[in-house]
Amino acid sequence: MAARVDSLYFFLIGLTVFFSLLIAGLIVTYAVRFRRRTPDSIGAVIHGGLMLEVTWSVIPFLITMGIFFWGASVFVAMSRPPDQTLNVYVVGKQWMWKFQHLDGQREINELHVPVGRAVKLIMTSEDVIHDVYVPAFRVKADVIPGRYTHLWFEPTKPGTYHLFCAEYCGTRHSGMIGQIVVMEPNDYQSWLSGGTEEGSLASAGQKLFADLACNTCHRPDAQGRGPVLQNLFGKTVELASGERVVVDEAYIRESILNPMAKVTLGFQPIMPTFQGLVNEEGLLELIEYVKSLKQDNPNAQ
Amino acid sequence: MPSRTALLPPHHYLNDGYGITSWLLTRDHKRIALLYLAGVTFFFFVGGAFAVLIRLELATPAGDLVNDETYNKLFTMHGVMMVFFFLIPAIPSVLGNFLIPIMIGAKDLAFPKLNLASWYIYVIGSLFTLYAIVSGGLDTGWTFYTPFSTIASTSNVIPAALGIFITGFSSILTGLNFIVTIHRMRAPGLTWFRLPLFIWSHYATSLIMVLGTPVIAITIIMVAADRLFHFGIFDPAVGGDPVLFQHLFWFYSHPAVYIMILPAMGVISELVAAFCRKQVFGYTFVAFASLGIAVLGFLVWGHHMFVAGQSVYAALVFSILSFLVAIPSAVKVFNWTATMYKGSIAWETPMLYAIGFIGLFTIGGLTGLFLAAVGLDVHVTDTYFIVAHFHYIMVGGTIMAYLGGLHYWWPKISGRLYNERMAKVSAVIIFIGFNLTFFPQFLLGYLGMPRRYHAYPPEFQVLNVLSSAGASILGVGYLIPMVYLMWSLRYGKLAGSNPWGAVGLEWNTTSPPPTANFAETPIVTWAAYEYPTTVEGHVA
Amino acid sequence: MPEIPAVAHERGHHHHHHPAALAHHFEDLGQQSEAATLGMWVFLVTEVLFFGGLFTAYSIYRAWYPDAFAVASHELDITLGATNTAVLITSSLTMALAVHAAQLGERGKVLIFLALTMVLGAAFLGIKSVEYYEKFVEHHVPGPNFQFDEKYFKNAQIFFSLYFVMTGLHALHMIIGLGIMTWMFIWSWNGTITREYSNPIEVSGLYWHFVDIVWIFLFPLLYLIGRHVHV
């Protein structure tokens with residue numbers, strides 16, 4: 001993917017050099033060849049030429065459209081993560097990065113990933129807009145409070161790569177940097193197993209689900225006052241307003257913080273809001289827990 | 001050509017009344033233009049001082065010259081001063097104000113008192129902003145994104161925002177004045193397609209000023225409401241959307257860059273025609289290209305937000321439109337170049353600036369293609385590549401055009417000639433200094449150096465040192481014209497009405513012009529840039 | 001190209017009589033009036049864009065939070081709002097009558113209709129103040145003292161934020177309008193406005209009608225959301 005970005009870049013450099021030299025060359029040539037010889041002389045009377053105007057409008061148009069399609073195809077590929085990704089949650093806040101692996105590993109300002117696997121970062125901010133930028137991977141995405149954004153990459157070479165915050169966020173914006181550490185798969189495994197005892201995000205989410213009494217309304221047996229959450233993630237549901245939405249991270253987050261916004265059809269709008277009762281990390285844990293609720297999951301209650 | 005028998009006319013606008021009130025209460029568009037000249041020059045050097053400090057800091061990787069808070073204020077205030085108080089007003093309010101009535105054969109703009117009011121509004125707005133600077137500064141970036149500006153920043157957001165809000169009305173009223181003037185006050189016989197291209201560009205610019213500026217004004221009100229009263233329009237905690245701010249902000253601020261470049265392009269058309277003594281090739285296409293840029297310029301704001309969380313579809317739409325807006329600019333560059341073919345080309349200072357503009361604008365504009373290509377923009381947005389791109393256009397483009405125009409019309413404005421050799425030397429110093437400052441920044445950006453960084457990883461140092469070295473040369477280059485232009489006011493040779501042997505209504509009146517611009521209202525029967533073809537090809 | 005004399009001289013105005021109202025940079029009153037009218041239209045276009053930013057924000061948030069907006073909207077006093085709408089439309093009528101009278105040179109009628117317009121405008125502002133006071137007392141002003149039904153607490157704040165900014169901006173334009181009307185009243189009183197020079201009244205009328213039209217959009221958008229549906 002980075003290579004695709006680079007090829008486009010070098011093509012554009014070539015294009016720029018070509019046209020710059022063309023224009024500069026013509027200007028210098030004309031300036032010399034047609035320099036004023038006598039103080040009174042004037043230029044030739046030439047109004048214009050339609051063919052020329054059309055030519056030098058159409059050719060740039062075709063070139064720019066070509067570049068558009070090239071850039072667009074790279075962008076679309078960047079925006080669509082593969083189906084199987086190693087997901088990592090990222091929370092940015094002034095002025096540090098918090099990374100949370102699904103199995104519970106937490107990192108600050110440093111992210112370890114294995115080489116050769118597609119990694120998807122699901123990101124949000126606790127305060128102002130930040131931005132995750134890894135120049136070596138040619139990826140960048142804003143990190144916004146109140147929303148999830150994502151980016152994905154597939155590292156191809158082990159090494160340590162700069163991570164920068166690329167959206168100005170206040171005093172220590174230029175200090176909000178870190179690194180992505182790409183490891184051979186074996187090394188990554190050993191690094192993972194040296195992790196904390198805290199347990200996976202999903203199991204932390206299960207605990208939080210019980211602590212906050214979500215389980216009193218969201219029961220697996222459809223007897224509860226809230227929708228069943230088993231097998232719900234990724235499905236499309238119909239809302240009371242008639243709209244249909246896909247149950248993704250953003251939907252779950254919104255339903256916890258602002259339950260009135262999208263009430264599922266067939267249910268009363270009685271869910272209380274948990275704004276202020278659960279922080280960003282808690283939200284991620286609950287989301288991972290809901291994701292983990294599959295038919296055959298022994299964690300289902 | 002300078003006439004050996006040039007005299008200063010006994011009555012002209014500069015000696016039509018002396019004393020401070022004759023200036024501060026003037027309704028003469030020419031005097032108002034000079035009032036603006038004083039203002040924009042002052043703010044240029046204030047903004048320039050901040051730039052000097054920025055480049056000094058960035059000469060070393062560590063943040064050792066100033067602390068991070070101060071640095072954030074420096075780049076913010078550099079941007080605010082330069083964008084709102086220099087680049088947007090400079091050409092329209094100085095050259096436009098001075099020349100538009102003369103170029104259309106009118107006695108003044110449609111609303112002279114409104115014109116004076118516009119200057120006062122500009123000054124009052126600038127005072128609020130200056131107050132914000134001296135009483136602690138602003139650290140939000142000139143783009144003051146939410147929620148940082150509404151919730152997190154502890155700097156003087158409100159006075160600065162108020163200052164920009166107020167100054168925006170100066171821009172709106174100037175644009176309104178220009179539109180009505182160009183529609184209603186052209187001299188007899190001066191049809192639209194006989195107008196100089198300077199007028200077409202300023203007309204297109206005025207459309208943008210009038211349609212775009214109110215949007216940033218209301219956006220500033222919403223930001224102020226959020227910040228002062230905790231309203232929450234952009235606060236995610238109550239369901240507000242910080243990205244909505246970006247849409248509203250860029251809806252103006254992208255067209256704003258066309259406010260900065262279209263007048264410059266108008267100047268270049270005049271310079272190229274004058275110093276080739278030839279009609280601009282493809283006049284009609286250049287005129288329509290100005291309008292095309294103004295219209296398309298309103299449709300591309302989302303290209304500032306490709307990584308801000310828009311949908312993929314929105315990004316693709318903005319990308320394709322951004323490519324389209326490049327085409328009229330390219331058409332103009334080709335037409336200017338074609339104008340030089342078989343021209344009678346003089347290498348005088350304004351032409352040097354014009355040629356510099358064409359080259360640098362071409363490079364800057366082509367780097368815009370890099371940014372319109374979404375897949376590539378992801379990598380370079382918010383890096384020094386962007387900084388280099390917009391400085392190529394705004395400094396390599398607009399400022400060079402401004403200086404070229406200032407030099408070209410200086411004899412008309414002041415009645416005097418400046419020292420040509422010093423002027424040429426300065427132009428070359430500026431060109432060299434500019435490229436040395438900003439070219440390395442393209443490379444820095446692609447290598448990954450983010451913008452608005454106070455300290456950076458050491459591997460970026462070499463390019464930063466080159467850039468800072470260039471900045472010192474550029475700074476010197478900008479100071480020299482101040483010296484010789486001021487000197488010429490007193491000691492310069494008298495210019496006479498048409499020192500360049502150019503055509504245009506402004507060269508048909510004295511230098512300096514009388515307060516009413518013309519002895520008699522001209523009646524126009526010729527096309528723009530129609531050089532007379534007498535037997536000897538002699539120019540009056 | 002015409003030759004120019006080496007020395008230009010100012011042309012005196014003394015050799016033809018021109019109306020007192022004619023500004024020196026215009027050829028005649030016709031050009032001056034056309035310029036003023038065009039200027040006002042351009043200004044009104046800027047005002048459309050000015051309010052437009054708010055209407056954009058409103059549209060987006062209403063699409064996202066329709067229920068919260070409906071519930072919040074019901075908290076506005078529809079009687080006072082409707083009364084204000086009637087007041088403002090009537091004031092546009094009196095304004096149009098003032099313009100007509102000015103074009104016919106009927107000074108007395110101009111003064112009466114301008115005065116009526118101003119009274120109605122002031123009435124609008126008075127009723128608006130009552131509404132604002134009510135909102136303040138009910139703790140519907142966004143910010144630290146905001147209180148609302150817990151279910152809609154968050155997004156209702158956005159509704160009220162937009163309500164106050166939109167109606168506040170509109171009220172500010174009304175106040176400026178009253179200032180303009182005062183100025184026109186003085187000019188009509190002291191004879192500056194004549195049948196030949198009625199353009200300032202026309203141009204002021206354009207402004208007043210515009211402020212009225214903005215309210216005609218604001219009223220349904222803010223007061224009439226889903227009124228026939230009970231939440």
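Data block above holds the structure.
Residues numbered from 1 in each chain as written. Chains lettered and ligands numbered in written order. Predicted model: local features only at pLDDT ≥ 70, side-chain atom pairs only at ≥ 80, totals over all residues. Heavy atoms only, no water.

Asker: What's the story with the overall build of chain A in this structure? I'm lost.
Answerer: Helix and strand content of chain A: six helices and 12 strands. By the compact-globule yardstick of 19 Å for 301 residues, chain A is too spread out, its C-alpha radius of gyration being 27 Å. The buried share among the 301 residues of chain A stands at 50%. When the accessible surface of chain A is summed, it comes to about 13,900 Å², and 59% of that surface belongs to carbon and sulfur atoms. Averaged over its 25 positive side-chain charges, chain A has a centre that lies 8 Å from the centre of its 29 negative ones. (Helix = DSSP H or I, 4+ residues; strand = E, 2+ residues; numbered from the N terminus. Rg over C-alpha atoms; globule rule 2.2 N^0.38 Å. Buried < 20%, exposed > 50% of the residue type's maximum accessible area, 1.4 Å probe, protein only. Areas by Shrake-Rupley, 256 points an atom, 1.4 Å probe, with all protein chains shown as cover. Lys, Arg positive; Asp, Glu negative; His and termini not counted. Charge placed at Lys NZ, Arg CZ, Asp CG, Glu CD.)

Asker: Got a minute to help me understand the packing of aromatic side chains in this structure?
Answerer: How two aromatic rings sit relative to each other is set out by the distance from centre to centre and by the angle between their planes. Tallied over the entire structure, the rule returns 89 aromatic pairs over all chains. A centroid spacing of 5.6 Å and a plane angle of 85° characterise the contact between Phe234(B) and Phe245(B), whose relative ring orientation is edge-to-face. With Phe234(B) in the loop between α7 (197-229) and α8 (242-276) and Phe245(B) in helix α8, this pair connects stretches of sequence that are 11 residues apart. In terms of burial, Phe234(B) and Phe245(B) fall into one category: buried. Through a chain of ring-to-ring contacts, the aromatic side chains of Tyr9(A), Phe10(A), Phe370(B), Phe385(B), Tyr392(B), Phe434(B), Phe438(B), Phe439(B), Phe442(B) and Tyr446(B) assemble into a single cluster. (Phe/Tyr/Trp six-rings, centres within 6.5 Å; stacked < 30°, edge-to-face > 60°.)

Asker: Can you walk me through helix α6 (residues 157-184) of chain B in this structure?
Answerer: For an α-helix, the turn length of 3.6 residues means that residues three or four places apart are oriented alike. In this model, α6(B) (28 residues) spans 41 Å end to end at C-alpha, consistent with the 40 Å of a helix rising 1.5 Å per residue. Taking burial as the measure, the 28 residues of α6(B) include 23 buried ones, the bulk of the element. (Expected span 1.5 Å × (residues − 1).)

Asker: Explain the interface of chain B and chain C to me, please; I cannot follow it from the model alone.
Answerer: Often, the extent of an interface is quoted as the loss of accessible area upon association of its parts. Taken together, the contact pairs 53 residues of chain B with 44 residues of chain C. Overall, the association of chain B and chain C removes approximately 4,000 Å² of surface from exposure, summing both partners, and the carbon and sulfur fraction of that is 73%. Contact with chain C buries surface across chain B, with Arg184(B), Phe231(B) and Val238(B) losing the most and accounting together for 16% of the total. One salt bridge connects Glu27(C) with Lys107(B), and the closest N-O pair in it is separated by 3.8 Å. Among the elements of the structure, α6, α7 and α8 of chain B are those that each provide at least two residues to the side of chain B that touches chain C. Counting residues per element, the side of chain B that touches chain C draws most heavily on α7(B), at 10 residues. Across the side of chain B that touches chain C, the residue classes tally to 37 nonpolar, 11 polar and five charged. (Contact = heavy atoms within 4.5 Å. Buried area = accessible area lost by both parts, 1.4 Å probe. Salt bridge = Lys/Arg side-chain N within 4 Å of Asp/Glu carboxyl O. Nonpolar A, V, L, I, M, F, W, Y, C, P; charged D, E, K, R; others polar.)

Asker: Help me understand the sheet that holds strand β3 (residues 106-108) of chain A, please; the structure alone is not making it clear to me.
Answerer: Two modes of strand pairing occur in sheets, parallel and antiparallel, and in both the strands are linked by backbone hydrogen bonds. Residues and elements named next belong to chain A. Strand order in the open sheet formed by five strands is β3-β2-β1-β5-β8, and the pairing between neighbours is mixed. Of all the strands in the sheet, the pair left with one neighbour each is β3 and β8 (149-153). For this sheet, the mean angle separating the axes of adjacent strands, direction not counted, is 25°. (Pairing = 2+ DSSP bridges. Axes fitted to C-alpha atoms, helices over the stretch in contact; angles between N-to-C directions.)

Asker: Whenever I open this one, the pairing of strand β2 (residues 96-101) of chain A confuses me. Can you help?
Answerer: Consecutive side chains along a regular strand alternate between the two faces of the sheet. All names here are of chain A. Most of β2 is tucked away, with five of its six residues classed as buried. Following strand β1 (residues 86-93), the chain reverses through two residues before pairing antiparallel with β2. Strand direction decides the pairing type here: β2 and β3, joined by three bridges, are antiparallel. Pairing of Gln-100 across the sheet is with Arg-106, part of β3. Between β2 and β3, which follow one another and run antiparallel, lie four residues, and Gly-104 among them has a positive phi close to 105°.

Asker: Mind showing me how you'd approach the interface of chain B and chain A here?
Answerer: Contact with chain B, which involves 95 residues of that partner, is made by 80 residues of chain A. Carbon and sulfur atoms supply 69% of the area that chain B and chain A bury against each other, a total of about 7,200 Å² over both sides. The tally of links between chain B and chain A comes to 27 residue pairs in polar contact (both at pLDDT 80 or more). (Polar contact = N/O pair within 3.5 Å; in protein donor to acceptor, adjacent residues only side chain to side chain.)

Asker: What exactly am I supposed to notice about the environment of Gly39(C) here?
Answerer: Mapping Gly39(C) onto the fold places it in helix α1 (residues 29-64). Taking the C-alpha atoms as reference points, Gly39(C) and Gly191(C), separated by 152 residues in sequence, lie 24 Å from one another. Sequence-distant contacts of Gly39(C), defined by excluding residues within four places in its chain, comprise Phe111(B), Leu176(B) and Val180(B).

Asker: Can you walk me through unusual backbone geometry in this structure?
Answerer: Leave glycine aside and you will find that most residues have negative phi; peptide bonds, for their part, are mostly trans. Residue and element names in this part refer to chain B. Looking along the chain, the bond that leaves Thr-146 and enters Pro-147 is cis, with omega of -5°. Of note in the backbone geometry, His-230 takes a positive phi value of approximately 55° without being a glycine. Given a relative accessible area of 49%, His-230 falls into the partly exposed group. Of note, the phi angle at Asn-517 is positive, near 75°, even though the residue is not glycine. Tracing the chain through its elements places Asn-517 in the segment after α15 (461-491).

Asker: Is there a simple way to explain the side chain of Gln246(B) in this structure?
Answerer: Mapped onto the secondary structure, Gln246(B) falls in helix α8. In this structure Gln246(B) touches Ile129(A), Asp142(A), Tyr145(B), Met305(B) and Ala308(B), once residues within four positions along its chain are discounted.

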